[in-house]
Amino acid sequence: MVVNIILILMVIGIVVALIIVRRKPQAGGGQAGPRTQRPAAPPTRAAPAVQKAPQSRPAPIRTAGLNRAQQPVYPQQPAAPQPVYPQQQQPIYPEPQQPVYPQQPAVPYGVGPDPCAQVAASSMAPAPGKVSQLVVEVAGGPDAGRRFLLVQGDNHLGRAQGNHVRLSDPSVSSSHAILRVAGSSATIFDNASTNGAHVNGEKVFEPRTLRSGDQILVGKTVLLFRSEG
């Protein structure tokens, strides 16, 4: 294509040159003499066009007439293995065990004094400390008939072991109330019990001084406070 452009430009140049020569006036007299014919330029030979070598294309593979056995089999690429991550094991925590409390034997309500002499004797045993002349008697409830001598200081009342006034009534809290003795007087405190403490039918919200003959209700047990002095 470049050679063809060059040939066209050369032909155009020759034609322009011939036109210019013919129009140029002849020298002397101002009249144009006979024009001298110039020898014609030798014809130029066109350069042979460069032929591009044909690009070789792969012949199509015909598989129409081939059976399955003759068709080419390409190897399949193996799939990349997936990474395997170890599973984290969840820690196993031991379940907390619930404490087992010993059950108190059920005693029918209002059956009278406890027939067990050992229990009656233990109820009269004073706690460590100076014994006062104040007594608490169980007038109603599972422990009816039992008497408890109060000592100077705090006398804990409840269902748990270690209480000076220990009751078997299941409606009584483990540490239900405190009977504080100072000399010949006693004051009752409710120890944040479930069912509360009542004196002569009135619920105890703050420390209350007891008088001889007062009735104390804790749970379903009725206590009678007395002074033997």
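**Q** How would you sum up the overall build of the chain? Please name residues and give values.
**A** Per the secondary structure count, the chain includes two helices and 11 strands. Taken from N to C terminus, the helices and strands of the chain fall in the order α-α-β-β-β-β-β-β-β-β-β-β-β. Looking at the chain as a whole, 22% of its 229 residues qualify as buried. In the chain, once contacts between residues fewer than 6 apart in sequence are set aside, the share between residues at least 24 apart is 42%. Summed over all atoms, the accessible surface of the chain reaches about 18,600 Å², with 57% contributed by carbon and sulfur.

**Q** Explain the sheet that holds strand 7 (residues 197–199) to me, using residue names and the numbers behind them.
**A** The strands making up a sheet associate through hydrogen bonds between their backbones, and the pairing can be parallel or antiparallel. The antiparallel open sheet is built from six strands, whose spatial order is 2-1-11-10-7-8. Only two strands of the sheet have a single partner each, and these edge strands are strand 2 (147–151) and strand 8 (202–203). Alignment of strand 10 (residues 215–218) against strand 11 (residues 221–227), held across four bridges, turns out to be antiparallel. Bridge assignment links Leu217 to a residue of strand 11, and that residue is Val222.

**Q** Give me the lowdown on the confidence of the model for the chain, citing residues and values where you can.
**A** On average, the chain scores 76 in pLDDT, and the residues at 70 or more come to 64%. Confidence drops under a pLDDT of 50 for residues 109–128, and excluding neighbours within four residues, the segment shows 24 contacts in the predicted structure.

**Q** Describe the nonpolar core, and please don't skip the residues or the numbers.
**A** Across soluble globular proteins, nonpolar side chains have a tendency to be buried as a group. Grouped together as the largest cluster of nonpolar side chains are 23 residues, with contacts concentrated most on Leu150, Leu167, Leu179, Ile188, Ile216, Val218 and Phe225. Counting residues per element, the ones that place at least two in this core are strand 1 (131–140), strand 2, strand 5 (177–182), strand 6 (185–190), strand 7, strand 10 and strand 11. In contact with Ile216, not counting residues within four places along its chain, are Leu179, Ile188, His198, Val199, Leu210, Thr221, Val222, Leu223 and Phe225.

**Q** Before we move on, could you go through the pairing of strand 3 (residues 153–158) and cite the residues and values that matter?
**A** When strand 3 meets strand 5, the two strands line up antiparallel, connected through five bridges. Each residue of the ladder has a partner; that of Asp154, found in strand 5, is Arg180. Across two bridges, strand 3 lies against strand 4 (residues 165–166) in parallel orientation. What sits directly across from Leu157, in strand 4, is Val165.

**Q** Quick one: what's the story with unusual backbone geometry, residue by residue and with numbers?
**A** Residue Ala192 is not a glycine yet carries a positive backbone phi of 50 degrees. Considering the arrangement of structural elements, one finds Ala192 in the loop between strand 6 and strand 7. Taking the relative accessible area as the measure of exposure, Ala192 reaches 74% and is therefore exposed.

**Q** Can you tell me about the pattern of salt bridges, naming the residues and giving the values?
**A** All chains considered together, the criterion is met by six salt bridges. Between Glu137 and Arg147 there is a salt bridge, and its shortest N-O distance comes to 3.0 Å. One end of the pair, Glu137, is in strand 1; the other, Arg147, is in strand 2, with 10 residues separating them in the sequence. Note on Arg147: relative accessible area 22%, which makes it partly exposed. Between Arg146 and Asp143 there is a salt bridge, with its nearest N and O atoms 3.5 Å apart. By sharing partners, the salt bridges in this structure join Glu137, Arg147, Arg226 and Glu228 into a single network.

Procedures and definitions
Residues numbered from 1 in each chain as written. Predicted model: local features only at pLDDT ≥ 70, side-chain atom pairs only at ≥ 80, totals over all residues. Heavy atoms only, no water. Helix = DSSP H or I, 4+ residues; strand = E, 2+ residues; numbered from the N terminus. Buried < 20%, exposed > 50% of the residue type's maximum accessible area, 1.4 Å probe, protein only. Contact = heavy atoms within 4.5 Å. Areas by Shrake-Rupley, 256 points an atom, 1.4 Å probe, with all protein chains shown as cover. Pairing = 2+ DSSP bridges. pLDDT = per-residue confidence, 0-100. Core = buried A, V, L, I, M, F, W, Y, C linked by side-chain atoms within 4.5 Å. Salt bridge = Lys/Arg side-chain N within 4 Å of Asp/Glu carboxyl O.

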